[in-house]
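Here are the chains, one letter per residue:
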Amino acid sequence: MIRRPPRSTPLYSSAASDVYKRQVLNEGDTAESFELSAHDGSTIRLDSFKNEKSVVLCFYPKNQLRFCPSKKVFDMAKSVIAVYPQIESADGALFAISVDDVESQSKFVSEYSIPYTHLSDTEKKVCKTYAGLNMVGLPKRCTFIIDKQGVIRKVFRDIDVKSHGTQIVDSLNEIKV
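Residues numbered from 1 in each chain as written. Predicted model: local features only at pLDDT ≥ 70, side-chain atom pairs only at ≥ 80, totals over all residues. Heavy atoms only, no water.

Caption draft 1: Helix H5 (residues 164–175), seen in detail. With 12 residues, H5 extends 17 Å between its outermost C-alpha atoms, agreeing within 8% with the 16 Å of an ideal straight helix rising 1.5 Å per residue. All of the buried residues in H5 are His-164, Gly-165, Ile-168, Val-169, Ser-171, Leu-172 and Ile-175. Along the axis of H5, the buried positions cluster into a sector of 165°, meaning they face one direction only. (Helix = DSSP H or I, 4+ residues; strand = E, 2+ residues; numbered from the N terminus. Expected span 1.5 Å × (residues − 1). Buried < 20%, exposed > 50% of the residue type's maximum accessible area, 1.4 Å probe, protein only. Arc of directions from axis to C-beta.)

Caption draft 2: The arrangement of unusual backbone geometry in detail. Here the phi dihedral of Asp-91 falls at roughly 65°; this positive angle occurs in a residue that is not glycine. Relative to the elements of secondary structure, Asp-91 occurs in the loop between helix H2 (71–89) and strand E4 (92–98).

Caption draft 3: View of the sheet that holds strand E6 (residues 142–146). Strands sit in the order E2-E1-E5-E4-E3-E6-E7 across an open sheet of seven strands; the sheet is mixed. Strands at the two margins of the open sheet, each flanked by one partner only, are strand E2 (43–45) and strand E7 (152–156). Strand-to-strand twist across the sheet, computed as the mean angle between neighbouring axes with direction ignored, equals 30°. Pairing analysis gives five bridges linking strand E3 (residues 54–59) to E6, with the strands arranged antiparallel. Of the residues in E6, the one forming a bridge with Leu-57 is Phe-144. Along the sheet, H5 contacts E3, E4, E6 and E7; its crossing angle with E6, the most-contacted strand, is approximately 20°. (Pairing = 2+ DSSP bridges. Axes fitted to C-alpha atoms, helices over the stretch in contact; angles between N-to-C directions. Contact = heavy atoms within 4.5 Å.)

Caption draft 4: Focus on the side chain of Lys-148. Its place among the elements puts Lys-148 in the loop between E6 and E7. A distance of 2.7 Å separates the side chain of Lys-148 from the side chain of Asp-91, its partner in a polar contact. The contact partners of Lys-148, leaving out residues within four places of it in the chain, are Lys-50, Asn-51, Glu-52, Lys-53, Ser-54 and Asp-91. (Polar contact = N/O pair within 3.5 Å; in protein donor to acceptor, adjacent residues only side chain to side chain.)

Caption draft 5: View of the environment of Lys-107. Along the chain, the position of Lys-107 falls in helix H3 (residues 102–111). Each C-alpha atom of the pair Lys-107 and Asn-63 lies 9.6 Å from the other, and the pair is 44 residues apart in sequence.

Caption draft 6: Broad picture of the pattern of salt bridges. In total, this model carries six salt bridges according to the counting rule given. Measuring nitrogen to oxygen at the nearest pair gives 2.6 Å for the salt bridge that ties Arg-45 to Asp-47. Here Asp-100 ties to Lys-62 by a salt bridge, and the two come within 3.3 Å at their closest N and O atoms. In this pair, Asp-100 is assigned in the loop between E4 and H3 and Lys-62 in the loop between E3 and H2, connecting sequence segments 38 residues apart. We classify Asp-100 as buried; its relative accessible area is 4%. (Salt bridge = Lys/Arg side-chain N within 4 Å of Asp/Glu carboxyl O.)

Function cannot be inferred from these measures alone, as they are strictly geometric.
Put into structure tokens, the structure is as follows:
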């Protein structure tokens, strides 16, 4: 029998959670600017929306996942598509971000008639800064609501994919200035 020394900090303790929270951006933090390629070939800079629009960043692992419930990607997209006009009416700009390349993003957006922009973060820098990465190096599913001043006002980490669109709209309406 192999005996392991006791852990000084349990894996799921609040101390471990606090360390995680310091590694990624959270509510109240200033959003870090970035520049990423979009599915349509354009380049999106986060700071170009400052003082103009609130921004919603929806991070997800990949468009297509083997051996994983990629159905969540489609359910979340449907939930957000259903309320997309309300997101625009709330003066919000919505971006979905994954590690897929631009070609994959373009195909995904076209195949499912998604009206909002998908961004490609193949180097995983933005995903790591905002969402964090899971054990296999893919972004964790989460959404950031950023106000017009560039402050992160809401972070969704435990997402109910079927009602997430409504959650986004409600959050945008709460911060509408």
